[in-house]
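The residues making up each chain are set out below.
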Amino acid sequence: MIVMLTARRLKPGAWEQFRRAWDSADGKPPGFQRAYHARNIRDEDEVVSFGLFDMTEDDYRSWREEVDAEENQRVDRMWAFVENEHLSGVFEVIDVVDD
C-alpha cells in the first residue's frame, strides 16, 4: 500500500479553487482506493491531503515515469492556490493498526 500525503497552507479562501485544481482530467492513478482532504479545525486554510493506493513502490515509480509531465502540470495548477507546503511525500505502509 502506498500513501501520497501533502500538508499545505492554502491562500486565504482558496479551498474551492484548490480542490478543482487537485482533480485530474486523466483520472486517478492505478490502484486508487480513496483520498482524503482534512482541514484544521482551528485554521480552515491549513489542509492535509492524502490518498491510499493499492500498489507497490515499483508500481508507483512506473506510473510516475509514464505521467510525469501531466502530474507536474496538475501540481503547478494547485500551487496557484497554495501559500506554502509543510510536508509532501510518497510513503509505503509498513504497519496497519486495527481495533
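Definitions and cut-offs
- Residues numbered from 1 in each chain as written.
- Predicted model: local features only at pLDDT ≥ 70, side-chain atom pairs only at ≥ 80, totals over all residues.
- Heavy atoms only, no water.
- Core = buried A, V, L, I, M, F, W, Y, C linked by side-chain atoms within 4.5 Å.
- Buried < 20%, exposed > 50% of the residue type's maximum accessible area, 1.4 Å probe, protein only.
- Helix = DSSP H or I, 4+ residues; strand = E, 2+ residues; numbered from the N terminus.
- Contact = heavy atoms within 4.5 Å.
- Phe/Tyr/Trp six-rings, centres within 6.5 Å; stacked < 30°, edge-to-face > 60°.
- Arc of directions from axis to C-beta.
- Pairing = 2+ DSSP bridges.
- Axes fitted to C-alpha atoms, helices over the stretch in contact; angles between N-to-C directions.

**Focus on the nonpolar core**
Formed by Leu10, Phe18, Ala21, Trp22, Val47, Met78 and Val82, the largest nonpolar core amounts to 7 residues. Sorting elements by how many residues they give to this core places helix α1 (residues 15-22) first, with 3 residues. Aside from chain neighbours lying at most four places away, what touches Met78 is Arg8, Phe18, Ala21 and Trp22.

**Some points on the packing of aromatic side chains**
One pass over the structure, following the stated rule, counts 4 aromatic pairs. Considering the side-chain rings of Tyr36 and Phe50, the 5.1 Å spacing of their centres and the 25° angle between planes classify their relative orientation as stacked. One end of the pair, Tyr36, is in strand β2 (residues 32-40); the other, Phe50, is in strand β3 (residues 43-53), and 14 residues separate them in sequence. For Tyr36, a relative accessible area of 38% gives the class partly exposed. Given a relative accessible area of 27%, Phe50 falls into the partly exposed group. A centroid spacing of 5.9 Å and a plane angle of 50° characterise the contact between Tyr60 and Trp63, whose relative ring orientation is tilted. Of the two residues, Tyr60 and Trp63 both sit in helix α2 (residues 57-79), 3 residues apart, roughly one turn of that helix. You'll find Tyr60 and Trp63 in the same group, each marked buried.

**A short note on the side chain of Glu71**
Relative to the assigned elements, Glu71 resides in helix α2. Every residue in contact with Glu71, bar those within four places of it in the chain, is listed here: Trp63 and Arg64.

**A few points about α1**
One turn of the α-helix equals 3.6 residues, which is why residues spaced by three or four share an orientation. Turning to α1, its buried residues are Phe18, Ala21 and Trp22. Each buried residue of α1 sits inside an arc of 105° when the element is viewed along its axis, so together they form one side.

**Thoughts on the sheet that holds strand β4 (residues 82-92)**
Sheet strands pair via backbone hydrogen bonds, and the direction of the pair is either parallel or antiparallel. A sheet is described by the order of its strands in space; here 4 strands give the open sequence β2-β3-β1-β4, paired in antiparallel fashion. Of all strands in the sheet, those with a lone pairing partner are β2 and β4, marking the two edges. Each strand axis lies, on average, 15° off the axis of its neighbour in the sheet, ignoring direction. By the bridge criterion, 8 bridges tie strand β1 (residues 2-10) to β3 in an arrangement that is antiparallel. In the strand pairing of β3, Arg9 is matched with Glu46. Taken strand by strand, α1 contacts β1, β2, β3 and β4, and its axis lies near 165° from that of β2. Taken strand by strand, α2 contacts β1 and β4, and its axis lies near 170° from that of β4.

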